[in-house]
Amino acid sequence: MISPRRLEERELRKERILEGALQVFQKNGLEGATMDHIAQEAGFGKATLYYYFSSKEEVFCDIMEKGWTPLWEGIEDEIHSSESARVAFLKILHKIVEITLTDRNLYQFLFTAPKAITHIPENLQTWRVYQNRLYGALQGLLEEGMAKGEFPNLDPELFFRALGGLFHGLLFLGDNDDKVSEKDIEELFSRFLTMPGDPATE
């Protein structure tokens, strides 16, 4: 039986590998990265690296899952809220911002990396489950809100593209020491979602 201490040591090694790999992927991209680069950045030999991961793609997928899992799990209370679709939608965005700001480096990579992963087999893309659930929940609230007149009628795909651009700019284009308050998020997205003629704009 493996002792708790040994399990903890394994998790610490794995975390160091993921942190080193993130640096490598950010500098070299997925295509330019190698297992040698990752091992060197993490401070381990290749044997240790291969004990935990069989390829750089597997390492990449673990980084993605590390980021997407807490995003999905973190919005559970807001999804089950009995409040209006608009209020629940904004609360989910607040929660996503809160989680994202715990590790800007990871989430900046997370939100830009999918452009480079078209060749990774779908069965390895385990984070997609959480990503799709989160987007599905947001789209469901958006559609519910539009049906009730809480949001303007929008094309959901175009809306999420625009929202993603705003979100990325808000979180990552400023100084890393900048703080984003809940009020900042509410004002930004409330204006973005406000319907023409809404009393909030008059």
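Since the structure is predicted, the reported quantities are computational estimates derived from the model, not experimental observations.

Novice: Explain helix 4 (residues 56–74) residue by residue, including any values.
Specialist: In this model helix 4 runs 28 Å from its N-terminal to its C-terminal C-alpha over 19 residues, within 8% of the 27 Å that 1.5 Å per residue would give. As for helix 4, its buried residues are in contact with helix 1 (4–32), helix 2 (35–42), helix 6 (85–100), helix 7 (104–112) and helix 8 (128–147).

Novice: How would you summarise the packing of helix 4 against helix 8 if you had to cite specific residues and measurements?
Specialist: Taken N-terminus to C-terminus, the directions of helix 4 and helix 8 make an angle of 35 degrees; their axes are 9 Å apart at the nearest point. Remark: the crossing between helix 4 and helix 8 carries left-handed chirality. Facing Glu65, Trp68, Thr69, Leu71 and Trp72 of helix 4, the residues of helix 8 in contact are Tyr130, Gln131, Arg133, Leu134, Tyr135 and Ala137. Taken together, the residues of the contact of helix 4 with helix 8 sort by class into 7 nonpolar, 2 polar and 2 charged.

Novice: Give a description of the packing of helix 4 against helix 7 that names residues and reports values.
Specialist: The geometry of helix 4 relative to helix 7 is characterised by a closest axis approach of 10 Å and an angle of 105 degrees between their N-to-C directions. With respect to helix 7, the axis of helix 4 lies roughly perpendicular. Of the residues in helix 7, those touching helix 4 at Phe60, Ile63, Met64, Lys66, Gly67, Trp68, Pro70 and Leu71 are Leu106, Tyr107, Phe109, Leu110 and Phe111. For the contact of helix 4 with helix 7, a count of residues per class yields 11 nonpolar, 1 polar and 1 charged.

Conventions and cut-offs
Residues numbered from 1 in each chain as written. Predicted model: local features only at pLDDT ≥ 70, side-chain atom pairs only at ≥ 80, totals over all residues. Heavy atoms only, no water. Helix = DSSP H or I, 4+ residues; strand = E, 2+ residues; numbered from the N terminus. Expected span 1.5 Å × (residues − 1). Contact = heavy atoms within 4.5 Å. Axes fitted to C-alpha atoms, helices over the stretch in contact; angles between N-to-C directions. Left-handed = near helix turned anticlockwise from the far one by under 90°. Nonpolar A, V, L, I, M, F, W, Y, C, P; charged D, E, K, R; others polar. Parallel < 35°, antiparallel > 145°, perpendicular 65-115°, else oblique.

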